[in-house]
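Results of the structural survey
Take a look at the letters that make up each chain.
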Amino acid sequence: KNYIEELYLRYMATGKSQEEHKAELLDRLKGKMILLIAPGKSSIEEKEKIASFVNEDVVTVSVNYNYPLVNTDYIFLSNLRRFRELDASNRGKCIVTSNIPADNAYFQTKYRDLLCDIEAVKDNAGLMAIKFFAQMDARKIYLAGFDGYSHDEKENYGESTMAFITRSAVLDAMNQGMTEMLKKYSELVDLKFLTTPHYVKI
């Protein structure tokens, strides 16, 4: 099991880290408020709250998809399939991890550096995004659509096409892992829920 996992991580860590825009991105993000929008159902249920929160002082980022209700500044992706599903016109504002072959992305960062040490959520895209923006010296990160996972897969995503089916025990482990990591990352950067989470907390 350990050997197979190491092979998987080695594969996912391949790819170059394109950092030509790093100084520009650091300048844009340092000391700023970031709004991360994950695809949880609250991102649709509380869309008015998200829309009214967005202003010129907030850097907006959608996670692993293009949030349809706000024109976000960036799209953070760690999943190749999600990247391929994006309209090509959006790729110029994509921040992608190095497992994604994406020469036309705005910025590429190292996949392995953003992993966490809890197995169930090791490569959770939302957690990877939080770690990335914390490393970029964001002042405060607001979370929308970071709901956690229901046993009813239809309840997990604002867009039904993103739903996946898995065992309840795995979903519970993911919720517990997310909660633990959110608490840990809250020591690195000021974290606050904008929309109401259902299955996780800080």
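The structure displayed is predicted, hence computed values, not measured ones.

A short note on the overall build of the protein
What the protein contains, in helices and strands, is 7 helices and 7 strands. For the protein, the N- to C-terminal ordering of α and β elements is α-α-β-α-α-β-β-α-β-β-α-β-α-β. Counting over 202 residues, the protein shows a buried share of 50%. For the protein, contacts bridging at least 24 residues in sequence account for 60% of all contacts bridging at least 6.

Observations concerning the pattern of salt bridges
Side-chain pairs of opposite charge can arise whenever the charged atoms involved come near each other. Tallying each qualifying case throughout the model produces 7 salt bridges. Note that Lys184 and Asp117 form a salt bridge whose closest N and O atoms lie 3.6 Å from each other. Of the two residues, Lys184 sits in helix 7 (residues 168–185) while Asp117 sits in the loop between strand 5 (107–109) and helix 6 (125–135), which places them 67 residues apart along the sequence. Residue class for Asp117 comes out exposed when judged on its relative accessible area of 57%. The salt bridge partner of Lys140 is Asp190, with a shortest N-O separation of 3.7 Å. Highlighted residues: Lys140 in strand 6 (residues 140–144) and Asp190 in strand 7 (residues 190–193), separated in sequence by 50 residues. On the basis of relative accessible area, Lys140 is assigned to the buried category, the value being 17%. Where salt bridges share partners, they join Arg81, Arg82 and Glu85 into one cluster.

Observations concerning the sheet that holds strand 3 (residues 74–77)
Each strand in a sheet pairs with its neighbour through backbone hydrogen bonds, running either in the same direction (parallel) or in the opposite one (antiparallel). Taken together, the 7 strands give an open sheet; going across it, the order is 5-4-3-2-1-6-7, and neighbouring strands pair in parallel fashion. Here the strands that pair on one side only, and so sit at the sheet edges, are strand 5 and strand 7. With strand direction ignored, the average angle separating the axes of adjacent strands in the sheet is 25°.

Quick notes on helix 7
The terminal C-alpha atoms of helix 7 lie 25 Å apart, and with 18 residues this matches the ideal 26 Å at 1.5 Å per residue to within 8%. For helix 7, the full list of buried residues reads Leu171, Met174, Asn175, Gly177, Met178, Thr179, Met181, Leu182 and Tyr185. Where helix 7 is buried, its residues contact helix 6, strand 6 and strand 7.

As for the packing of helix 6 against helix 7
Packing of helix 6 against helix 7 brings their axes to within 11 Å, and their N-to-C directions diverge by 5°. For the element pair helix 6 / helix 7, the angle class is roughly parallel. Two secondary-structure elements touch here, helix 6 through Leu127, Ile130 and Lys131 and helix 7 through Met178, Met181, Leu182 and Tyr185. Considering only residue class, the contact of helix 6 with helix 7 consists of 6 nonpolar, no polar and 1 charged.

Some words on the pairing of strand 4 (residues 94–97)
In strand 4, alternate side chains face the same way, and those of Cys94 and Val96 on one face and Ile95 and Thr97 on the other are all buried. Two elements, strand 4 and strand 5, share 3 bridges in a ladder whose sense is parallel. Opposite Ile95, over in strand 5, you have Phe107 as the bridge partner.

Brief notes about the pairing of strand 7
Every regular strand shows the same layout, with side chains that alternate between the two sheet faces. What you see with strand 7 is a clean split: Leu191 and Phe193 sit on the buried side and Asp190 and Lys192 on the side with no burial. The pairing of strand 6 with strand 7 spans 4 bridges and is classified as parallel. Bridge pairing in strand 7 links Tyr142 to Lys192.

Some details on the packing of aromatic side chains
With the rule as written, the count across this model stands at 6 aromatic pairs. Seen in terms of ring centroids, Phe76 and Phe132 are 6.0 Å apart; in terms of plane orientation they differ by 40°. Their pairing is tilted. On the criterion of sequence distance, the pair formed by Phe76 in strand 3 and Phe132 in helix 6 is long-range, its members being 56 residues apart. One exposure class covers both Phe76 and Phe132, and it is buried. Geometry around Phe83 places Arg91 over its ring, the cationic atom sitting 4.4 Å from the centre.

Let's talk about the layout of surface pockets
To find the voids left in a structure, one rolls a probe of water-molecule size over its atoms. In this model, the second largest pocket occupies a volume close to 160 Å³. Considering the residues around the second largest pocket, the lining is formed by Ile4, Glu5, Tyr8, Leu9, Glu119, Lys122 and Asp123.

Overview of the environment of Asp117
Separated by 64 residues in sequence, Asp117 and Met181 have C-alpha atoms that sit 8.9 Å apart. Residues contacting Asp117, with those up to four places away along its chain left out, are Met181 and Lys184.

Analysis parameters
Residues numbered from 1 in each chain as written. Predicted model: local features only at pLDDT ≥ 70, side-chain atom pairs only at ≥ 80, totals over all residues. Heavy atoms only, no water. Helix = DSSP H or I, 4+ residues; strand = E, 2+ residues; numbered from the N terminus. Buried < 20%, exposed > 50% of the residue type's maximum accessible area, 1.4 Å probe, protein only. Contact = heavy atoms within 4.5 Å. Salt bridge = Lys/Arg side-chain N within 4 Å of Asp/Glu carboxyl O. Pairing = 2+ DSSP bridges. Axes fitted to C-alpha atoms, helices over the stretch in contact; angles between N-to-C directions. Expected span 1.5 Å × (residues − 1). Parallel < 35°, antiparallel > 145°, perpendicular 65-115°, else oblique. Nonpolar A, V, L, I, M, F, W, Y, C, P; charged D, E, K, R; others polar. Phe/Tyr/Trp six-rings, centres within 6.5 Å; stacked < 30°, edge-to-face > 60°. Lys NZ or Arg CZ within 6 Å of the ring centre and 35° of its normal. 1 Å grid on protein atoms, 1.4 Å probe; cavity = no way out; pocket = protein on both sides within 12 Å on 5 of 7 lines; lining within 4 Å. Points joined across faces, edges and corners; volume = space filled by probe spheres on them.

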